[in-house]
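Residue strings, one per chain:
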Amino acid sequence: MKQGKINWAKIRRIFIGSNGRGIVWKLCLYAFVIIIGFVFIYPLLQMVSQSFMSPDDIVNPLVAWIPQSFYGENYVRAVEILNYWKSLWASIYTSIIPALLQMCSCSLIGYGLARFNFRGKKVIFALVLATFIIPPQVTSIPQFLMYRDLGILYSLKAYIFPAIFGQGIKSAIFILVFFQFFSQLPKALEEAAKVDGAGNFRIFLKIAVPTALPAYLLTFLLSLVWYWNDTYMATMYFGSTIQTLPMQLSAFEATFKSLYPAAAGMNTGNTVNEAIKMAGTCLNILPLLVIYFFTQRWFMEGIDKSGITGE
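Residues numbered from 1 in each chain as written. Predicted model: local features only at pLDDT ≥ 70, side-chain atom pairs only at ≥ 80, totals over all residues. Heavy atoms only, no water.

Enquirer: Is there a simple way to explain the packing of helix H5 (residues 84-115) against helix H9 (residues 171-183) in this structure?
Expert: Axis angle and axis distance: for two packed helices, these are the angle between their axes and the distance between the axes, and together they describe the pair. Two elements in contact, H5 and H9, have axes separated by 7 Å at closest approach and are oriented at 50°. As the angle between them shows, H5 and H9 are arranged oblique. Remark: the crossing between H5 and H9 carries right-handed chirality. Where H5 abuts H9, its residues Gln102, Met103, Cys106, Ser107, Ile109, Gly110, Tyr111, Leu113, Ala114 and Arg115 lie against Ser171, Phe174, Ile175, Phe178, Phe179, Phe182 and Ser183. Its residues assigned to classes, the contact of H5 with H9 shows eleven nonpolar, five polar and one charged. (Axes fitted to C-alpha atoms, helices over the stretch in contact; angles between N-to-C directions. Helix = DSSP H or I, 4+ residues; strand = E, 2+ residues; numbered from the N terminus. Parallel < 35°, antiparallel > 145°, perpendicular 65-115°, else oblique. Left-handed = near helix turned anticlockwise from the far one by under 90°. Contact = heavy atoms within 4.5 Å. Nonpolar A, V, L, I, M, F, W, Y, C, P; charged D, E, K, R; others polar.)

Enquirer: How do you make sense of the layout of surface pockets when you look at a structure like this?
Expert: A water-sized probe, rolled over the atoms, reveals where empty space remains. Of the pockets and cavities examined, the largest pocket occupies roughly 680 Å³. Lining the largest pocket are 32 residues, with Thr131, Pro136, Gly168, Ile169 and Lys170 sitting closest to its centre. Contributions of two or more residues to the lining of the largest pocket are made by helix H6 (121-133), helix H7 (136-150), helix H8 (157-164), H9, helix H12 (213-229) and helix H13 (232-238). Looking at the lining of the largest pocket element by element, the count peaks at six residues for H7. Within the lining of the largest pocket, the residues separate by chemical class into 19 nonpolar, eleven polar and two charged. (1 Å grid on protein atoms, 1.4 Å probe; cavity = no way out; pocket = protein on both sides within 12 Å on 5 of 7 lines; lining within 4 Å. Points joined across faces, edges and corners; volume = space filled by probe spheres on them.)

Rendered as structure tokens:
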């Protein structure tokens, strides 16, 4: 009978869809996104969970994720070991100031390479690419010796001067971002501004900068994160004069043992130290998470619009 006949076409349309994007496709897509998301979020969840564990919870094999009680002493000790508020302020100004200067200098360099033709342009562009390709460890010793001769070591000048001249951390990437963005701007806008009597610098400020705001925001946020997380250059250039949060975190265990020698000598000392170190790591990345939480919409917009096409 027709009433009892299975409508395979309808079932296929529901599960597979007319364009191949039915229930099966959506389930596979969601499963893939959940798996990938869990891979990325698993270390963060583990870190937060361990940071609230007491010494008894850490040595208890029955406690895996959720502690029996939220143990806040780990964060109290981590704040003391990291010298948190002083180190936080040091991280803020050693990240924001160079990031702002690097953003401005890279935008000028990218604009010049994108909108002007001059002798030696290809050489400069090749040198920019070379700074991106050559590992920083190769040039770190010559840079250190040069900064020593200039007298800018062990101060913020070691970050400021390279940022001003487009030689900050990963500046080549930002120059290429601005170069790509400014290359796509319609030339008709510049020609109309020149007819009205505007000079090159005024065209840059009034036309190029407002249209490149997504690229500016993207560059600033990435530069801020890279300056914040840097310990290799910071340790070499700042020494013990400036101590940022990542620098303090890298010496966390030694500082812990010096402040709590009795606890470090206990059988559970290393285990306890791991819990406090997780708390210190959470405190280290917390400012970046807060910044990203409030700027994620503009950050994603900057990534999307940095590849905008024009005339």
